[in-house]
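Next come the chains, spelled out residue by residue.
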Amino acid sequence: MEIIDGKAISQQIKAELKAAVQFRKSEGKKIPHLAAVLVGTDSASMTYVQNKVKACEEIGFESTLIRYDDSVPEDILLAKVESLNQDRSIDGFIVQLPLPKHIDELKVTQAIDPLKDIDGFHPRNLGNMVVHLPGFLPATPAGILELIRRKNIPTEGKNCVIIGRSNIVGMPLSIMLSGNSNPGNCTVTLAHSKTTNLPEICRQADIIIAAAGQPGFVTYDMVKAGAVVIDVGTTRIEDPKAPKGWRLAGDVDFENVAPKCSMITPVPGGVGPMTIASLMMNTLKAMELKGK
Ligand code: NAD
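Basis of the calculations
- Residues numbered from 1 in each chain as written.
- Predicted model: local features only at pLDDT ≥ 70, side-chain atom pairs only at ≥ 80, totals over all residues.
- Heavy atoms only, no water.
- Domains from an automatic or database assignment.
- Pairing = 2+ DSSP bridges.
- Helix = DSSP H or I, 4+ residues; strand = E, 2+ residues; numbered from the N terminus.
- Axes fitted to C-alpha atoms, helices over the stretch in contact; angles between N-to-C directions.
- Contact = heavy atoms within 4.5 Å.
- Patch = residues over 30% accessible without salt bridge, like charges linked within 9 Å, V, L, I, M, F, W, Y side chains within 5 Å.
- Areas by Shrake-Rupley, 256 points an atom, 1.4 Å probe, with all protein chains shown as cover.
- Salt bridge = Lys/Arg side-chain N within 4 Å of Asp/Glu carboxyl O.
- Buried < 20%, exposed > 50% of the residue type's maximum accessible area, 1.4 Å probe, protein only.

Moving on, we get to the domain arrangement of the protein chain. You can read the domains of the protein chain as domain 1 (27-114) and domain 2 (139-273). Spacing between the C-alpha centres of domain 1 and domain 2 amounts to 28 Å.

Printed below as a string of structure tokens:
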């Protein structure tokens, strides 16, 4: 059994991106510039955004953080999105989700210029992905694919069960892994909250990708011996022994499932760092796509 070190793989990707930045600098070319919009003070969102800004600093990208109170009106946020669309110095930007309830997330996502949509959430980028046109792949699924690629995990002809069908993780991942590509060519089952007999379905899987946001949901009895298990879940759960009073829990009962797997990702230190690495790759791509 191997515990996949997503942090180490992401460090490798960041080192490659840093070298690309150095090369661009030596040629007098523009340095990629990422902007992140953060609304409110949700502590998980603040951590995600801080980690993205920190990754930019490590690589040598420029970054700009724009913050608003929870009460920011939707039209102010949309105006900021439009100004970032127009700002030629910004290559790509994200609006950190979730947004407060009075703001329509889909409206905001759709307002982002698809050529600057480095999260890959815009319907045009999702559509491009479906018909294999160039565009941005959503950061978490793309990070998972990169992890599979770099660990040489065989996918062709394999049974893959993805648990969770969200627009940002499960749904796009099911399309990417079932496509005629490498990694890809899996026989994918996309499971969700209405799926019946999930343990039985999971037991057929060579690869299980858990993205349900349910701590410890994938248990020993659901996993075939030798399966690859990728845990996307990140839920903060109370833990009086942890320095912050909480810890991150994945969707997999890691302690009991790990010994049964051929490979497994931990939480934290698995998919999370790959998501950030993938966002950084998309930022470089955003600049290159515009021929800068
Ligand atoms: P979501 O809440 O939008 O979707 C959850 C999905 O899980 C839904 O499709 C639902 O049908 C399914 N589901 C819920 N309970 C289920 C059950 N009992 N059986 C089968 N399916 C069930 O969540 P999301 O945004 O896709 O995120 C999922 C998890 O991944 C969360 O823990 C989130 O924090 C985490 N996440 C991590 C990263 C990362 O970079 N590590 C990125 C995105 C999301």
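What follows covers the sheet that holds strand S3 (residues 62-68). Sheet strands line up and pair through hydrogen bonds in the backbone, either parallel or antiparallel. Strand order in the open sheet formed by three strands is S3-S2-S4, with parallel pairing between adjacent strands. Two strands in the sheet have a free side with no partner beyond their single neighbour: S3 and strand S4 (92-95). Between one strand and the next, the sheet's axes are offset by a mean angle of 15 degrees, whatever the strand orientation. Strand direction decides the pairing type here: strand S2 (residues 33-39) and S4, joined by four bridges, are parallel. From the neighbouring strand, Val37 faces S4, where its bridge partner is Val95. Lying over the sheet, helix H3 (residues 74-86) contacts S2, S3 and S4, oriented at roughly 165 degrees with respect to S3.

On to a nonpolar patch on the surface. Together, Val130, Val131 and Leu133 give the surface a local cluster of nonpolar side chains, amounting to about 260 Å² of exposed area. In this fold, Leu133 is placed in the loop between helix H5 (123-130) and helix H6 (139-150).

The subject of this paragraph is the pairing of strand S7 (residues 207-210). Alternating residues of S7 divide into Ile207 and Ile209 and Ile208 and Ala210, and every residue in both groups is buried. With four bridges connecting them, strand S5 (residues 159-163) and S7 associate as parallel partners. Across the sheet, residue Val161 finds its bridge partner in S7, namely Ile208. For S7 and strand S8 (residues 228-231), the ladder comprises four bridges, and the chain directions are parallel. By the bridge assignment, Ile209 is partnered in S8 with Ile230.

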